[in-house]
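So you can see what is in the structure, the chains are spelled out below.
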Amino acid sequence: MTSKDVLNSTARLASYNVLLQVLFRVLTFVLNAFTLRFVSKEIIGVVNVRLTLLYSTVLFLAREAFRRACLSGGAEQNWTQIINLLWMTVPLGTVWALLLGWVWLRLLETPDPLSIPHYEFGVLVFGLSAVVELLSEPLWILAQAHMFVKLKVVVESVSIIMKCLFTVAMVIFAPHWGIYLFSLAQLLYTSVLLIFYFLYFIKFLGTQEAEKKSFPVLCIRDLFPKRIAHQALVNWRLARLTWSFFKQSFLKQVLTEGERYVMTFFNVLNFGDQGVYDIVNNLGSLVARFVFLPIEESFYIFFAKVLERGKSIGHQKREEVAMASSVLESLLKLVLLIGLTIMVFGYAYSHLLLDIYGGSLLSSGSGPGLLRVYCLYVLLLAVNGVTECFTFAAMSKEEVDRYNFVMLALSICFLCFSYFLTWWHGSVGFILANCLNMALRIAHSIHFIQRYFAPSTHRPLSSLRLSPILVLVFLASGLVTAFSEVIFCCDAGWLPRLVHIAVGAVCLLAVLICSFFTETKLVHFIRTQLLSMYSKKET
């Protein structure tokens with residue numbers, strides 16, 4: 001597969017991933033608004049913060065390093081060795097589930113069983129759900145490496161929809177089940193995920209399509225661990241790279257979910273406040289989750305396939321280095337513009353959005369301020385996602401090992417920032433700590449990218465500079481919408497609210513028009529790559 005083919009497939013994968021994340025976040029968004037009317041915010045806090053943290057921590061520690069390592073070499077590898085290596089995620093995940101489950105039950109503060117019953121059952125089932133999902137990990141890696149761009153979207157969409165339908169039905173007919181119903185819904189999601197992945201490969205293997213693609217797995221037995229004659233059981237180079245990423249993944253998980261760890265281990269907020277914070281946090285991260293994360297995941301695969309890990313630019317193909325630079329430049333510009341738009345318009349529309357979504361429960365108190373600060377965090381999150389995506393794909397094993405020490409320092413600083421800023425400024429302190437942490441990570445990645453491209457004429461970081469005209473349009477839009485909020489929002493009824501929304505729509509249109517005429521290179525990239533799937537039939 002040429003680098004051009006990889007780019008086209010990666011662009012399609014990114015587009016499908018965006019659609020999947022949109023579906024997932026919209027359903028979660030609606031589900032949270034629905035369950036708020038039937039379930040207490042304390043139960044939402046326990047489920048969405050503490051139990052979900054257990055689930056995500058087990059998954060991240062058990063599989064993240066394997067994913068990064070096993071996707072680094074592309075599709076042309078000894079897949080029997082890789083599948084053997086990937087099945088290690090299951091026993092590793094089981095160990096983590098047992099260890100962390102014991103911590104969640106014995107070392108952390110236990111919720112009051114009268115107001116939040118069945119907590120022990122929730123810990124058990126959420127840990128089990130993580131292990132069940134790990135059983136599909138070899139299939140997920142195979143699908144990603146061979147660019148099965150629709151499979152992930154279809155499988156995860158069906159799983160999400162079934163989980164949401166089950167949750168809605170149980171919330172309506174048995175709201176007193178509390179943690180029971182959310183735990184069973186999570187187990188249903190991971191079970192459906194596992195079943196559908198296996199059903200797809202059972203149907204796919206041995207077909208003419210599989211032969212046409214030269215798929216390395218011939219039968220279902222090949223999806224499970226097995227010995228290889230006269231060869232090592234696993235690829236030890238990938239195993240060592242996995243270990244390097246594993247040390248890093250532990251620290252990255254602390255940085256990614258740091259505020260939840262602080263909430264869980266230091267009890268700086270009660271369960272009710274955790275529930276409100278989580279809802280506002282999920283609302284603020286909608287775009288980050290369904291736009292930035294899929295782009296990061298998909299284009300990490302592109303950079304890992306096009307660039308040779310650990311080699312300097314002078315020892316790589318010029319056309320592939322040029323393509324990687326061009327794609328990085330366009331991606332940085334794209335996420336920068338999206339992040340700036342969210343930050344500028346988020347300031348004036350946070351209060352209105354929370355009032356529509358959750359009423360006075362969310363729009364009063366610290367909710368609007370929390371969402372405004374989160375909009376700044378989204379901008380930093382956008383830039384960091386792309387810069388780290390490239391950095392991790394291009395780093396050598398030795399550089400990954402050295403970066404682990406940087407991550408350790410950042411993790412310690414972040415936890416300290418989170419604790420003290422939360423003590424000083426409540427839940428807003430979590431977002432401020434995240435902003436500081438993200439700024440430091442961006443600085444490190446930018447330093448690496450500058451060093452990486454220094455011997456060449458490519459300067460992808462130039463995309464972080466905007467046209468002066470576009471900067472002025474952003475500033476004017478921020479001032480106009482802030483002034484509109486003071487006049488029209490949000491206690492005078494729906495007519496002034498609609499006027500406030502119309503003002504924002506006009507300003508947003510001005511930003512889009514200005515971006516279209518000033519960022520022509522980005523427009524060309526979006527047309528030819530990210531949107532090409534809509535004008536071409538897949539072959």
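So, how was this worked out
- Residues numbered from 1 in each chain as written.
- Predicted model: local features only at pLDDT ≥ 70, side-chain atom pairs only at ≥ 80, totals over all residues.
- Heavy atoms only, no water.
- Helix = DSSP H or I, 4+ residues; strand = E, 2+ residues; numbered from the N terminus.
- Rg over C-alpha atoms; globule rule 2.2 N^0.38 Å.
- Buried < 20%, exposed > 50% of the residue type's maximum accessible area, 1.4 Å probe, protein only.
- Contact = heavy atoms within 4.5 Å.
- Areas by Shrake-Rupley, 256 points an atom, 1.4 Å probe, with all protein chains shown as cover.
- Lys, Arg positive; Asp, Glu negative; His and termini not counted.
- Charge placed at Lys NZ, Arg CZ, Asp CG, Glu CD.
- Salt bridge = Lys/Arg side-chain N within 4 Å of Asp/Glu carboxyl O.
- Axes fitted to C-alpha atoms, helices over the stretch in contact; angles between N-to-C directions.
- Parallel < 35°, antiparallel > 145°, perpendicular 65-115°, else oblique.
- Left-handed = near helix turned anticlockwise from the far one by under 90°.
- Patch = residues over 30% accessible without salt bridge, like charges linked within 9 Å, V, L, I, M, F, W, Y side chains within 5 Å.
- Phe/Tyr/Trp six-rings, centres within 6.5 Å; stacked < 30°, edge-to-face > 60°.
- Lys NZ or Arg CZ within 6 Å of the ring centre and 35° of its normal.
- Core = buried A, V, L, I, M, F, W, Y, C linked by side-chain atoms within 4.5 Å.
- Expected span 1.5 Å × (residues − 1).
- pLDDT = per-residue confidence, 0-100.

Engineer: I tried to follow the overall build of the protein chain on my own but got confused; where do I start?
Structural biologist: Scanning the protein chain from terminus to terminus reveals 21 helices and zero strands. Here the C-alpha atoms of the protein chain give a radius of gyration of 24 Å, agreeing with the 24 Å that 2.2 N^0.38 yields for 539 residues. Taken over the C-alpha atoms alone, the protein chain extends approximately 75 × 60 × 45 Å along its principal axes. The buried share of the protein chain, taken over its 539 residues, is 58%. When contacts within the protein chain are restricted to residue pairs at least 6 apart in sequence, those whose partners lie at least 24 apart make up 83%. Carbon and sulfur atoms make up 68% of the accessible area of the protein chain, which totals about 23,600 Å². Between the averaged position of the 43 positive side-chain charges in the protein chain and that of its 32 negative side-chain charges there is a distance of 6 Å.

Engineer: It is not clear to me how the pattern of salt bridges should be interpreted in this structure. Could you clarify?
Structural biologist: When the charged atoms of two side chains with opposite charge come close together, those side chains can pair. Within the structure shown, the criterion is met by eleven salt bridges. Measuring nitrogen to oxygen at the nearest pair gives 2.8 Å for the salt bridge that ties Arg 441 to Glu 388. Here Arg 441, found in helix 18 (residues 428-453), pairs with Glu 388, found in helix 16 (residues 367-394); they are 53 residues apart in sequence, far enough to count as distant. Residues Arg 441 and Glu 388 agree in their burial class; the two are buried. Through salt bridges with shared partners, a single network forms among Arg 63, Arg 67, Glu 133 and Glu 137.

Engineer: I keep staring at the packing of helix 2 (residues 41-70) against helix 6 (residues 137-145) and nothing clicks. Help me out?
Structural biologist: Packed helices, taken two at a time, are described by the angle their axes make and the gap between the axes. Axis separation between helix 2 and helix 6 bottoms out at 11 Å; the angle between their running directions is 30°. If you check the angle between helix 2 and helix 6, you find them roughly parallel. In this structure, the crossing between helix 2 and helix 6 has a hand that is right-handed. Across the interface between the two elements, Arg 63, Arg 67 and Cys 70 of helix 2 pack against Glu 137, Trp 140 and Ile 141 of helix 6.

Engineer: Teacher, can you tell me more about a nonpolar patch on the surface here?
Structural biologist: Residues Ile 195, Phe 196, Leu 199 and Ile 202 make up a contiguous nonpolar surface patch of about 370 Å² in total accessible area. Examined against the element boundaries, Ile 195 turns out to sit in helix 8 (residues 179-204).

Engineer: What is the right way to look at the packing of aromatic side chains in this model?
Structural biologist: Each pair of aromatic rings is reported with the distance of its centres and the angle of its planes. With the rule as written, the count across this model stands at 25 aromatic pairs. Centroid distance Phe 299 to Phe 302: 6.2 Å. Interplanar angle 75°. Geometry classified as edge-to-face. One end of the pair, Phe 299, and the other, Phe 302, are both in helix 13 (residues 286-306), three residues apart, so they sit about a helical turn from each other. For the pair Phe 390 and Tyr 452, a centre-to-centre distance of 5.4 Å together with 80° between the ring planes defines the contact as edge-to-face. Taken as a pair, Phe 390 in helix 16 and Tyr 452 in helix 18 lie far apart in primary sequence, 62 residues in all. Each member of the pair, Phe 390 as well as Tyr 452, carries the same accessibility label: buried. A connected cluster of aromatic rings, assembled from ring pairs, spans Phe 299, Phe 302, Phe 303, Phe 390, Phe 448, Tyr 452 and Phe 453. Lying across the ring of Tyr 347, Arg 372 places its NZ or CZ 5.1 Å from the centre.

Engineer: Could you clarify how one ought to interpret the nonpolar core in this entry?
Structural biologist: Generally speaking, a soluble globular protein has its nonpolar side chains buried in company with each other. Core analysis: the largest hydrophobic core is formed by 165 residues, its most contacted members being Trp 104, Phe 201, Phe 215, Phe 299, Phe 303 and Phe 390. In terms of residue count, helix 14 (residues 318-358) provides more of this core than any other element does, 20 residues in total. Not counting the four nearest positions on each side in its chain, Phe 390 is found in contact with Phe 303, Leu 307, Leu 328, Phe 448, Ile 449, Tyr 452 and Phe 453.

Engineer: I'm lost on unusual backbone geometry in this one. Help?
Structural biologist: Both trends apply: most residues other than glycine have a negative phi, and most peptide bonds are in trans. For His 118, which is not glycine, the phi dihedral falls at a positive 65°. Positionally, His 118 belongs in the loop between helix 4 (89-107) and helix 5 (119-134). Judged by its relative accessible area of 28%, His 118 is partly exposed.

Engineer: Whenever I open this one, helix 8 confuses me. Can you help?
Structural biologist: It helps to recall that an α-helix has 3.6 residues per turn; residues three or four apart then point in one direction. The terminal C-alpha atoms of helix 8, which comprises 26 residues, lie 38 Å apart, in line with the 38 Å expected from a rise of 1.5 Å per residue. Positive phi shows up at Gly 206, right after helix 8, with a value of about 85°.

Engineer: I'm lost on helix 19 (residues 468-488) in this one. Help?
Structural biologist: For helix 19, with 21 residues, the first-to-last C-alpha span of 30 Å sits near the 30 Å given by 1.5 Å per residue. Its buried side turned inward, helix 19 meets helix 14, helix 16 and helix 20 (494-518).

Engineer: Would you mind showing me how to read the environment of Cys 416 here?
Structural biologist: Of note, Cys 416 is situated in helix 17 (residues 397-425). What makes Cys 416 partly exposed here is its relative accessible area of 41%. Counting along the chain gives 17 residues from Cys 416 to Ala 433, while the straight-line C-alpha distance between them is 8.7 Å.

Engineer: What should I look at first to understand the environment of Lys 152 in this one?
Structural biologist: With respect to the helices and strands, Lys 152 occurs in helix 7 (residues 151-173). Along the sequence, Lys 152 and Tyr 197 sit 45 residues apart, while their C-alpha atoms lie 8.6 Å from each other.

Engineer: I'm lost on the packing of helix 2 against helix 5 in this one. Help?
Structural biologist: One way to put it is that helix 2 packs onto helix 5 with a least axis distance of 9 Å and a crossing angle of 30°. By the angle between their axes, helix 2 is roughly parallel relative to helix 5. The two elements helix 2 and helix 5 cross, and the hand of that crossing is right-handed. Contact residues: helix 2 offers Val 46, Val 47, Arg 50, Leu 51, Thr 52, Leu 54, Tyr 55, Val 58, Leu 59, Ala 62 and Arg 63, while helix 5 offers Tyr 119, Gly 122, Val 123, Phe 126, Gly 127, Ser 129, Ala 130, Glu 133 and Leu 134.

Engineer: What should I look at first to understand the confidence of the model for the protein chain in this one?
Structural biologist: Detail in the predicted coordinates should be disregarded across regions flagged by low pLDDT. Across the protein chain, pLDDT averages 84, with 91% of residues at or above 70. By mean pLDDT, helix 1 (residues 3-35) is the weakest element of the protein chain at 66, and helix 5 is the strongest at 96. Within the model, pLDDT remains below 50 along residues 533-539, and this stretch shows eight contacts once partners closer than five positions in the same chain are excluded.

Engineer: For this particular structure, what's the right way to read the environment of Glu 211?
Structural biologist: Among the secondary structure elements, Glu 211 is positioned in helix 9 (residues 208-212). Once the C-alpha coordinates of Glu 211 and Ala 382 are considered, the two residues, 171 residues apart in sequence, prove to be 40 Å apart.

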